[in-house]
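Chains, contacts and geometry: an overview
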Amino acid sequence: MSTIDTVTTPLGGPSLPQERRLVTSIPGPRSQQLLDRKAAAVAAGVGHTAPIEAVAAGGGVILDADGNSLIDLGSGIAVTTLGNAHPKVVAAVQAQVAQFTHTCFMISPYESYVGVAEALNRVTPGDHVKKSALFNSGAEAVENAIKIARKYTKKQAVVAFDHGYHGRTNLTMALTAKAMPYKSGFGPFASEIYRAPLSYPYRDGLTGPEAAKKAISVIEKQVGADNLAAVIIEPIQGEGGFIVPAEGFLPALVEWCTANNVVFIADEIQTGFARTGEMFASDLFGITPDLITTAKGIAGGMPLAAVTGRAEIMDASHAGGLGGTYGGNPVACAAALAAIEAFETEDLLGRAREVEAILKSRLAGLQDPRIGDVRGHGAMIAAEFVDPATGEPDAALTAAVAKACIAEGVIVLTCGTYGNVIRFLPPLSIPDALLHEGLDVVAAALAAA
Ligand SMILES: *Cc1c(COP(=O)(O)O)cnc(C)c1O
């Protein structure tokens, strides 16, 4: 690797050349070999977006086995917000893995788990007394948040929202709205889950208070506060299409929950940890959730998840009621402590807002009538594609643009109930020039589609 084309990114990370470089078509021959082995050895239900064999990643690029360097606008689904293999995370993981890899926190507790709990209690919204519990995945955190809310309220029903996404386990499939690909054929689903209408300003034309009134009416009439343990919502929906609720929607829901002994759970698994330009999206809307679920960006790419919330709610469970063999694994906790320190010291909130300004101005500058809406906060921005004549969702155009981008060496992800949204989730370590180049490729793909 020459030093001339090696640019150290603003946040550090491995010194990979920060460039888009295609030396084969995508997939190249070595990547294709791996994909053939994948098809033979890995269950067909486990899909992939970019047909490559990844061998290294850092800054704003992912390198493949054929020597291609692709621009990463997805961060492994909003996980490597800090940048892949962030040096502080790497050092913390290396030190911990040489010390011990596992004792099981429920058998022999260790300091880093407690440190992560203390850090989460400090950085999550609200200055009330909080406690945390750690798990392995986002879905597991959501399951546990529901367990905790039911135990605390002694009630059973749970309300989730249209377009919501909360995971792929049985309870979280029930909470998730979209059938394909997440639920279809995988039922029966958990009972006592109800769905309320969301605020979706681009499509419903309602103000926040109007949308909240509609949702609360559905909840009161179809479920009843006496039966309802929890309301769970993503403050900005991720998988559902980066839907930002109208102002006033979330505060009205929180107020109703508080008045009715219903636990308000903010699922910040995708929106958390500087992604939206605030540490948590709840901060954008001025709400204080009773419980908050986190995962994805929490540990620089290591698998970790958490439930954090009001101490009296978190403490409702009997001893031994919460946990898991691996939950709060010491290597993942070491990574999380390093990641949270980076979030608190490296002005990543400011960086997320810079990324927002670039993404929004470039997407607005396209002035393409097929882009019906550009929305989001921080490094979590989406474009919704529609038929300009009817406003109907255009999933075919969206898929074609995403496919063309990947073929040109730019990894973009789609989302949305109607499959008509491209979501931009770049790592905050991406250099501006590379972000612009990625958007040039998106613009060209859209023009050609
Ligand atoms: C990804 C995600 C989950 C599920 O997390 P996993 O780690 O994949 O189980 C839950 N909620 C939201 C909002 C997510 O984005």
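The written sequence of each chain sets the order in which its residues are numbered from 1. Where totals are concerned, whole chains, interfaces and linings use all residues; where local detail is concerned, this predicted model gives features only for residues with pLDDT of at least 70, and gives and counts side-chain atom pairs only at 80 or more. As a rule here, side-chain values come from all non-hydrogen atoms in the structure, and water together with hydrogens is ignored.

Note the cut-off: UniProt positions are given in the numbering used here, feature names are shortened, and annotations may be inferred rather than shown by experiment.
Per an unreviewed UniProt entry, the chain goes by (S)-3-amino-2-methylpropionate transaminase and derives from Microbacterium aoyamense. Reading the Pathway (unreviewed entry) entry of the UniProt record for the chain gives the comment "Amino-acid degradation; 4-aminobutanoate degradation." Per UniProt, the comment on the chain under Cofactor (unreviewed entry) is "pyridoxal 5'-phosphate".

**Brief notes about the sheet that holds strand S4 (residues 130-135)**
Going by this rule: Strands pair, by our definition, only if DSSP identifies at least two bridges between them. Numbering of helices and strands runs from the N terminus; a helix is a DSSP stretch of H or I covering at least four residues, while a strand is a stretch of E covering at least two. Helix axes are fitted only over the stretch in contact, all axes being lines through C-alpha atoms; the angle between N-to-C directions runs from 0 to 180 degrees.
Strands sit in the order S4-S10-S9-S8-S7-S5-S6 across an open sheet of seven strands; the sheet is mixed. Where the open sheet ends on each side, the last strands, each with one partner, are S4 and strand S6 (193-196). Across this sheet, the average inter-strand angle for adjacent strands is 20°, counted without regard to direction. One ladder, built from three bridges, connects strand S5 (residues 157-161) with strand S7 (residues 228-233); its direction is parallel. Within the sheet, the bridge partner assigned to Val158 lies in S7 and is Ala230.

**A closer look at the side chain of Asp64**
Stated formally: Exposure is judged per residue with a 1.4 Å probe applied to protein chains only, and the accessible area is read against the type maximum: over 50% gives exposed, under 20% gives buried, and values in between give partly exposed. Counted as positive: Lys and Arg. Counted as negative: Asp and Glu, with His and the chain ends omitted from the count. Put simply, a salt bridge is a Lys or Arg side-chain nitrogen that is within 4 Å of an Asp or Glu carboxyl oxygen. What qualifies as a polar contact is a pair of N or O atoms within 3.5 Å, subject to a donor-acceptor requirement within protein and to the restriction that residues adjacent in sequence count only when both atoms come from side chains. Contact criterion: two residues are considered in contact whenever any of their non-hydrogen atoms come within 4.5 Å of each other.
Checked against the element boundaries, Asp64 lands in strand S2 (residues 61-64). With no salt bridge to any partner, buried Asp64 finds its closest opposite charge in Arg21, at an N-O distance of 7.4 Å. Within polar-contact distance, the side chain of Asp64 engages the backbone nitrogen of Asp66 at 2.9 Å. In contact with Asp64, not counting residues within four places along its chain, are Ile26, Ser31, Ile52, Glu53, Ala54, Val55 and Leu70.

**Observations concerning the sheet that holds strand S3 (residues 69-72)**
On the basis of which strands lie adjacent, the open sheet formed by four strands has the order S1-S2-S3-S13 and mixed pairing. A single partner strand is all that each edge strand has here, and the edge strands are strand S1 (54-58) and strand S13 (410-411). Both S1 and S2 contribute to a ladder of four bridges, which runs antiparallel. Residue pairing across strands places Ala56 opposite Leu63, the latter belonging to S2. Along the sheet, helix H15 (residues 432-448) makes contact with S2, S3 and S13, crossing S3 at roughly 95°.

**With respect to the domain arrangement of the chain**
Heads up, the condition is: Bear in mind that the domain bounds are from an automatic or database domain assignment. Throughout, the accessible surface (probe 1.4 Å) given up by two parts as they are put together, summed over both, is called the buried area.
The domains assigned to the chain are domain 1 (29-72 + 347-448) and domain 2 (88-345). Domain 1 and domain 2 are separated by 26 Å when their C-alpha centres are compared. Across the boundary between the two partners, domain 1 contributes 33 residues, which contact 26 residues of domain 2. Counting each side, the surface lost to burial between domain 1 and domain 2 is near 2,300 Å², with a carbon and sulfur contribution of 57%. There are three salt bridges connecting domain 1 and domain 2. A salt bridge links Arg353 to Glu278; the shortest N-O distance between them is 3.5 Å.

**Section: the confidence of the model for the chain**
Threshold: As a per-residue measure, pLDDT reflects the predictor's confidence and takes values from 0 up to 100.
For the chain, per-residue confidence averages 96 on the pLDDT scale, and residues scoring 70 or more make up 97% of the total. When the criterion is pLDDT under 50, residues 1-12 qualifies, and its contacts beyond four places in sequence or with other chains add up to 25 contacts.

**Observations regarding the pairing of S6**
Along any regular strand, the residues point their side chains to alternate faces of the sheet. Heads up, the condition is: Convention used here: a crossover is right-handed provided that the path from the first strand, over the helix, to the second strand proceeds clockwise when the strands point away from the viewer.
Pairing of S5 with S6 involves four bridges; the strand directions are parallel. Within S6, the position partnered with Val158 by the bridge is Ile193. Crossover S5 to S6 through helix H6 (residues 170-175) is right-handed.

**Brief notes about the site of the ligand**
Put simply, the test is: If a single non-hydrogen atom of a residue is within 4 Å of a molecule or strand, that residue counts as near it. For the accessible areas, the method is Shrake-Rupley and the probe is 1.4 Å, while residue cover comes only from the protein chains on display. Residue polarity is assigned by list, with Asp, Glu, Lys and Arg as charged and Ala, Val, Leu, Ile, Met, Phe, Trp, Tyr, Cys and Pro as nonpolar; anything else, Gly included, falls into the polar class.
In the region of the ligand, the neighbouring residues are Ser137, Gly138, Ala139, Tyr165, His166, Gly167, Glu234, Asp267, Ile269, Gln270 and Lys296. Within the contact set of the ligand, an oxygen atom lies 2.8 Å away from a backbone nitrogen or oxygen of Ala139. Within the side chain of Asp267, one N or O atom sits 2.7 Å away from a nitrogen atom of the ligand. The protein chains hide 82% of the 380 Å² of surface that the ligand would expose on its own. Its residues assigned to classes, the shell around the ligand comprises three nonpolar, five polar and three charged.

**Section: the packing of helix H8 (residues 208-222) against helix H9 (residues 249-259)**
Threshold: By definition, turning the near helix anticlockwise from the far helix through less than a right angle yields a left-handed crossing, and turning it clockwise yields a right-handed one.
At their nearest, the axes of H8 and H9 sit 8 Å apart, and the two run at 35° to each other. As for the relative orientation of H8 and H9, their crossing is right-handed in sense. Contacts between H8 and H9 involve Gly208, Ala211, Ala212, Ala215, Ile216, Ile219 and Glu220 on the former and, on the latter, Phe249, Ala252, Leu253 and Trp256.

**Observations concerning the side chain of Ser75**
Its place among the elements puts Ser75 in helix H2 (residues 75-78). In this view, Ser75 contacts Thr80, Arg275, Leu425, Pro426 and Pro427; residues no more than four positions away in its chain are not counted.

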